Amino acid sequence: MDKKMLSLEAAKARLLAVTMVHDAASGHPGGSLSCIDALTYLYFEEMNVDVKNPHWEDRDRFVMSKGHCSPAVYPVLALKGFFPVEDLKMFRRIDGHMSGHVEMKYNPGVDMSTGSLGQGISTAVGMALAGKVSKKDYRVYAIMGDGEIAEGQVWEAMMAANKYKLDNLCALVDVNGLQIDGKTADVMPTEPLDKKFEAFGWHVVKCDGHDFDSLAAAYKEAKETKGQPTMILAKTVKGKGVSFMENQAGWHGKAPNDEQFAVAKAELEAVIKELEG
Amino acid sequence: MGEKIATREAYGKALAAVADKYPELVVFETDLAGATMSKYFQAACPERFFDMGIAEGDMVGVAAGMSTCGFKPFVNSFAMFSAGRAWEQVRNSVCYPGLNVKIIGSHGGLSVGEDGATHQCIEDFAIMRVIPGMTVLCPCDGYEMQQAVEALINYDGPAYMRLGRLAVETVTDTIPGYKFEIGKGIVLKDGTDVTIIAVGMNVQMALKAAELLEADGISARVVDMHTIKPLDKELVLKCAKETGAIVTSEEANVIGGLGAAVSELLSEEYPVPVVRHGVNDEFGRSGKAPAVLEAFGITAEGIAAKAKEAVAKKAGQFSK
């Protein structure tokens, strides 16, 4: 898929994400919008999956370790074809199964239920370890938040992935620099991220998380890296694609009102129209 | 009857014995292979044994991920850490998605002995039991453990099983028609005045208590309730109806565990006096295991006293 088509899928996913959060009057738009490009790249370019057979045992796996970014995951899976786009209307509803945090039980294409930060990355390590034990050549991908990595379990998982030399595992940190209470650098400084992950035995690649060429180069390098797992540090903008949400910590877990939604919708529809034109 | 073996020892050997039979079985450890006895599996099948270091939360998560790829993980640590420290990982990464991971908690209860309160987990039954969909087991002896291991391997879903540190007398191998089934308690001795429903090594104590009670003219039934959840409701109700008084006995806090499960059922379905025997909501302490158990009343004599209390209550004699 060329860069323009990837941009189009990502723009559609952004519009769906903002729409479902608006309709549910709750959810997490900020971090979803920052990682939607990476997720789009994974599902439309990188990963080997079969929408008709979501449980195919040789498929590549994906874990959204920051499970609150369900408004990124569900739209991308819907656009990929795992379930109808109309199903997104059931997000966070009592009469539906599309839970507030990413949920595997009822949503085809979801490989792991997540929500409690720090836990998803361990499950991704488990999937990669399973691949090694069963001598299968599928790959495992994960996305973490830069606030999430304050969880101690993340570093336990880093050590385990290093011990078992999981070169079939590639995680990405969505480095948008913001979390609920403000700047990540103020809430709990985690830099220098590259040196930390390198010290834990991971191969580290930096990229621009909104540039598909940059993402492609990073994932290519990960695939070519043998004997150790790869961590992609993707520099991103929280709320990317909606002007008033960009770089605002306040949009971490807040839904736009009708007026704000109309603005966001118009902005994203303009992008889609331009890309389709 | 007779052989003395710790349930952790029986567990480790049973797991190793079926390593070849179940190629999907994988075993995780957190630096305690020689204590939880996962070392036997490690020796038998090193390629499916993973020592995750002292990182229980990660171990549970890794096992959860691996289970989604068709493996059947058993994760091992002391009860304090597999059930305690990793509780939230067990809840959110295993139980909520309903994954097939078996959580093993060795060294449960006060019988840890010398290591003291930080390692004497008396809360595991309660905190595992309250998670929706969780199964909670604690076999009483080596023979029962051996069968519980294979039953767990063949059970699809999350489960917690406590192992004991001390060697305990084997009592279930001579029971006619004995068959281990998750969720089905076993009547080890019949009786008419009171039923002692026990779990873990309190089962052996309960059998001795029944002898003490016999000498005092009280006929006590003894039930081995190896599964705390799902509770064998049918058997508990039958015992309540037939003996009219119940004593529960566990090497755990009397709050939230077997005693609570039995009380909850009977208060709703068939109220009879229930007296809970266990640790009375206090932390343990260091000492030789038998001395610690003695200090906290976790003995046959302690159970017998509770049984007399239950019989008195049945006769309407409630202390003011």
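Values in this document were obtained by computation on a predicted structure and should not be read as measured data.

## Regarding the confidence of the model for chain B
A residue-level look at chain B finds 99% of positions with pLDDT of 70 or above and a mean pLDDT of 97. Under the prediction, the complex receives an ipTM of 0.96, its pTM being 0.97.

## Regarding the sheet that holds strand β2 (residues 25-29) of chain B
All names here are of chain B. In spatial order, the strands read β3-β2-β4-β5-β7-β6-β12; together these seven strands make up an open sheet with mixed pairing. Either end of the sheet is taken by a strand with one partner, and the two such strands are β3 (49-51) and β12 (227-229). Pairwise comparison of adjacent strand axes, ignoring direction, gives a mean angle of 20° for this sheet. Two strands pair when backbone bridges link them, and strand β4 (residues 72-78) and strand β5 (residues 102-106) are joined in this way by five bridges, in the parallel orientation. Pairing of F78 across the sheet is with S106, part of β5. Lying over the sheet, helix α4 (residues 56-67) contacts β2, β3 and β4, oriented at roughly 170° with respect to β4.

## Thoughts on the interface of chain A and chain B
With 26 residues of chain A at the contact, the number on the chain B side is 24 residues. A buried area of about 1900 Å², summed over both sides, lies between chain A and chain B, and 60% of it is on carbon and sulfur atoms. Area buried by chain A at its contact with chain B is led by Q119, V133 and E156 of chain A, which between them contribute 24% of it. Counting across the chain A and chain B interface gives zero salt bridges. Linking chain A with chain B are 10 residue pairs in polar contact (both at pLDDT 80 or more). Breaking the side of chain A that touches chain B down by element, the ones donating at least two residues are α4 (119-133) and α5 (152-163) of chain A. In terms of residues, the side of chain A that touches chain B owes the most to one element, α4 of chain A, which gives nine residues. Partitioning the side of chain A that touches chain B into residue classes produces 11 nonpolar, nine polar and six charged.

Conventions and cut-offs
- Residues numbered from 1 in each chain as written.
- Chains lettered and ligands numbered in written order.
- Predicted model: local features only at pLDDT ≥ 70, side-chain atom pairs only at ≥ 80, totals over all residues.
- Heavy atoms only, no water.
- pLDDT = per-residue confidence, 0-100.
- Pairing = 2+ DSSP bridges.
- Helix = DSSP H or I, 4+ residues; strand = E, 2+ residues; numbered from the N terminus.
- Axes fitted to C-alpha atoms, helices over the stretch in contact; angles between N-to-C directions.
- Contact = heavy atoms within 4.5 Å.
- Buried area = accessible area lost by both parts, 1.4 Å probe.
- Salt bridge = Lys/Arg side-chain N within 4 Å of Asp/Glu carboxyl O.
- Polar contact = N/O pair within 3.5 Å; in protein donor to acceptor, adjacent residues only side chain to side chain.
- Nonpolar A, V, L, I, M, F, W, Y, C, P; charged D, E, K, R; others polar.

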